[in-house]
Amino acid sequence: DSTTEYGKKMNALMNDGNDGIIDCYQAQHVALRYATTAREAVEIMGALVDEYGWNAWPECINICDGNEVWIAEFYGRDLWCAVRVPDDAFFVCANRCRINEIDFEDNENYIWSKTLKPFAIENGLWSEDSGVPFQPANIYAPNYSMGCIRREWRALSLVAPSLNLDPNQDYYPLWVVPEKKLSVQDVFKLNSDYYQGTEYDVSLTPEAGPYGNPLNEYNKERPINLYRATYHTICNVRADLPDEAKCLVWHGYGAADSSFIVPLWASMTELPALYSTGTRYDDFNRESGWWISAYVQQTASQNYRSAIKEIYAARDDRMAEQYELSLIHISEPTR
């Protein structure tokens, strides 16, 4: 928050005289071109920022290669760090940096820039004698927006409800262990959530109107299932499979709850017509995947409680059958 004294100080430290040139797009594009593992991707992006500097908003980036998942955060200038997420863990980021636990004795599971801690000490942002743990995200990119906090709480609570997390606390554990194995459908439901069954359910507010529409711009809560979402993805990466079947991305347009997700394989040489016809910048087109989804979503918003039941009835069995076919393709990738 640039209106606070701390925010003003951080803005000056990060931006005054900063001639960095790297942003999240450049970093990821280079890493994807040259890295063979998730750790290598982190190291490549870190090396770019070390040499050329970061000149963008703080960013949290997740990288997976089928064997490891890494979370990398870039704060500004040459300040960054990354952590490996345990194999059985669930991590969530809702538009804010989250790495507030870093073990400087563990070079296997943590990577960081050489300036990460010295910069904070030299500029009075943190002290070894403070008794406060070194928390990179909280020092370099503090964000207490309820729009971020509430979504993190909801996702973590859905996969580990017994933790009884507080929906109003500033920060949550960096990861939790799900209480059951998550399926594609489970993640799809996470993407579709608007706090149903909680006191924050946006379909029960006056803004939702008489038909319980959660897809409106007047919600006081910022749900996961958001009216202005342009797309959502669920990525399966399986290192034990051949390259043709290793990466499967489930992709849908718009807010997840009213959308239809389609499996897209990394080995595809062309997109189906649904995805290669029209864009959201073109005129309405009933042959375009984007416009079909937007049309369904907008229509559903007129009488959501009734419409969403019809969408589920028309969609869910078909998506379940599609998922079963994808499992056959994974087990027999040469077919």
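Residues numbered from 1 in each chain as written. Predicted model: local features only at pLDDT ≥ 70, side-chain atom pairs only at ≥ 80, totals over all residues. Heavy atoms only, no water.

Observations concerning the side chain of N219
Here N219 lies in the loop between α7 (184–191) and β5 (231–237). Polar contacts involving the side chain of N219 include one to the main-chain carbonyl oxygen of P214, which spans 2.8 Å. Setting aside chain neighbours within four positions, we find N219 in contact with V202, T205, E207 and P214. (Helix = DSSP H or I, 4+ residues; strand = E, 2+ residues; numbered from the N terminus. Polar contact = N/O pair within 3.5 Å; in protein donor to acceptor, adjacent residues only side chain to side chain. Contact = heavy atoms within 4.5 Å.)

Section: the packing of aromatic side chains
According to the stated counting rule, one finds 17 aromatic pairs in the structure shown. Their ring planes at 15 degrees and their centres at 4.9 Å tell us that W54 and F74 sit as a pair that is stacked. Here F74 lies in strand β2 (residues 69–76) and W54 lies in the loop between α3 (38–52) and β1 (59–64), a separation of 20 residues in the sequence. Judged on exposure class, the residue W54 and its partner F74 are both buried. Ring centres 5.8 Å apart and planes at 55 degrees place the aromatic pair F284 and Y295 in the tilted group. Here the residue F284 occupies a position in the loop between α9 (273–276) and α10 (289–300), and Y295 occupies one in helix α10, the gap between them amounting to 11 residues. Owing to a relative accessible area of 41%, F284 belongs among the partly exposed residues under this scheme. Overall, Y295 belongs to the partly exposed group, its relative accessible area being 42%. An aromatic cluster of at least three residues, connected via ring pairs, comprises Y253, Y275, F284, W290, W291 and Y295. Above the plane of the ring of F134 lies K117, whose end atom (NZ or CZ) is 5.9 Å from the centre. (Phe/Tyr/Trp six-rings, centres within 6.5 Å; stacked < 30°, edge-to-face > 60°. Buried < 20%, exposed > 50% of the residue type's maximum accessible area, 1.4 Å probe, protein only. Lys NZ or Arg CZ within 6 Å of the ring centre and 35° of its normal.)

Digging into the side chain of R154
Tracing the backbone shows R154 in helix α6 (residues 146–159). Accessibility expressed as a relative area gives 10% for R154, which makes it buried. Among residues more than four places away in sequence, those in contact with R154 are D193, Y195, Q196, T198 and I224.

Overview of the packing of helix α2 (residues 24–34) against α3
Remark: α2 packs on α3, axes separated minimally by 9 Å, with the N-to-C direction vectors making an angle of 135 degrees. For the element pair α2 / α3, the angle class is oblique. By crossing handedness, the relation of α2 to α3 is classed as right-handed. Contacts between α2 and α3 involve A27, Q28, V30, A31 and Y34 on the former and, on the latter, E40, A41, I44, M45 and L48. When grouped by side-chain class, the residues that make up the contact of α2 with α3 number 8 nonpolar, 1 polar and 1 charged. (Axes fitted to C-alpha atoms, helices over the stretch in contact; angles between N-to-C directions. Parallel < 35°, antiparallel > 145°, perpendicular 65-115°, else oblique. Left-handed = near helix turned anticlockwise from the far one by under 90°. Nonpolar A, V, L, I, M, F, W, Y, C, P; charged D, E, K, R; others polar.)

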